[in-house]
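Given next are the chains, with one letter for each unit.
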Amino acid sequence: MNAVDRWPPVPDGSPFGVANLPFGIFSQPEPAARGGFRRIGVAVGDNVLDLSPLFGDDCFAAPTLDGFLARGRRMWSGTRARITELLTDPHYQGAVSPHLLPRSEVVLHLPFTVADYVDFYCSLDHASNVGRIFRPDAEPLLPNWRHLPVGYHGRAGTVVVSGTPVVRPSGQRRPPGAETPMFGPSVRLDIEAEVGFVVGVGSPLGEPVPIEAFADHVFGVVLLNDWSARDIQAWESQPLGPFLGKSFATSISPWVVPLEALAAARVKGRAQDPAPLPYLRRTEPWALDLSIEVALNGTVVSRPPFATMYWTPDQMLAHLTVNGASTRTGDLYGSGTVSGPDPSQRGSLIELTWNGTEPLVLADGSTRSFLEDGDTVTMSATAPAADGTRLTLGEVTGTIHPARPTP
Ligand code: CA
């Protein structure tokens, strides 16, 4: 049965059911008459619902979600409710069907203009693993870790949409045992499986966002791969932190899943000891039960559980604004690498291969410590949906291209 011949237009078992309805930006390469016109769509079943002809509002004919995001929570909620009505009431089938376009025939784009980008470090298991790898004789967590969500400001302009090639970065690195650095392509190129949070409504300079206002500001979530050149990072980040080892590319999934779609995925979150300072105390359950899967050249290498994160996204937003830093539409913040307690749940190669000492074996028999040219990494995630099905966050994928010649 063609998906459009049933109402709602969702094949059985589709993770893009009417309880999901993620927002993205698409264009049609054909017919050429449409001129590659970028506009807002919502994924449903195997299709994209073209919102611009159905809603008499210019914000849906825009080439980014920016205008829609800035309109705020009542608009987000009202739009979602109306789309749900259009897709479930058979009365609308005739009017809506012409605006369902097969997803296989559209191109997806970066969904919003990334304003500022922050990356956190919120997984207890990830931070502990990294501490054990680099400081084997010391306490794995640094003294501040359980008191605040550690983070840094990254490079917004190099956040790219899923499918964008990732060119292997070149830079300085100091090989083990060497006294001076050398220059060349990174030989320790890694991934970080993360969840990204998209700010719709910003906050003014000087005014911290209270933790309970999280859902008034954050519209939804994406999957995020924080590509990381471990050798460049290790040499350059003393004493300040991540710089060129991270800023060459950060990939995100094309569909932004609204927080409202994740109501059934909300869980209490991990116990925190010691109790955080008052501004970081949770008022609502905003840990999210997202099951992430990481595949390297088609072999699933990890299944990180987002529900095991120590710091939750409401705490991240409260912390990043507590000094009065403003936020704006399109701000993106990543959770940090998602790693669970089990070795099969580690969200980076440096952990999965224990700093390269235990290479992974892929389905084709080849082994990997870090990424090789031509490798493709694909992350996907599912979560419980309000109607008892599972919804998907879609996927974020990228293929490593060889380093460019150095000038
Ligand atoms: Ca990261």
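Let me sum up the structure you'll find in this document. (Residues numbered from 1 in each chain as written. Predicted model: local features only at pLDDT ≥ 70, side-chain atom pairs only at ≥ 80, totals over all residues. Heavy atoms only, no water.)

## Overview of the overall build of the protein
So, point 1. Per the secondary structure count, the protein includes eight helices and 26 strands.
So, point 2. Taken over C-alpha atoms, the radius of gyration comes to 21 Å for the protein, in line with the 22 Å a tight globule of 407 residues would show.
So, point 3. Overall, the C-alpha framework of the protein stretches about 70 × 50 × 40 Å when taken along its three principal axes.
So, point 4. Buried residues in the protein amount to 54% of all 407 residues. (Helix = DSSP H or I, 4+ residues; strand = E, 2+ residues; numbered from the N terminus. Rg over C-alpha atoms; globule rule 2.2 N^0.38 Å. Buried < 20%, exposed > 50% of the residue type's maximum accessible area, 1.4 Å probe, protein only.)

## Brief notes about the sheet that holds strand β2 (residues 39-44)
Hydrogen bonds between backbone atoms are what pair the strands of a sheet, whose relative direction is either parallel or antiparallel.
So, point 1. As summarised here, the arrangement of the five strands in space is β4-β3-β2-β1-β5, forming an open sheet in which the pairing is antiparallel. Looking at the sheet topology across the chains shown, the edges are occupied by β4 (100-102) and β5 (107-109). Across this sheet, the average inter-strand angle for adjacent strands is 50 degrees, counted without regard to direction.
So, point 2. Two elements, strand β3 (residues 47-50) and β4, share three bridges in a ladder whose sense is antiparallel. Across the sheet, the residue bridging to Leu49 is Leu100, located in β4. (Pairing = 2+ DSSP bridges. Axes fitted to C-alpha atoms, helices over the stretch in contact; angles between N-to-C directions.)

## Comments concerning helix α2 (residues 73-88)
Since one α-helical turn is 3.6 residues long, residues separated by three or four positions face the same way.
So, point 1. Here α2 contains 16 residues, and its C-alpha end-to-end distance of 22 Å stays within 8% of the 22 Å for a straight helix at 1.5 Å per residue.
So, point 2. Within α2, burial applies to Met75, Trp76, Thr79, Arg80, Ile83, Leu86 and Leu87. Within α2, the buried residues cover an arc of 130 degrees as seen down the axis, which keeps them to one side. (Expected span 1.5 Å × (residues − 1). Arc of directions from axis to C-beta.)

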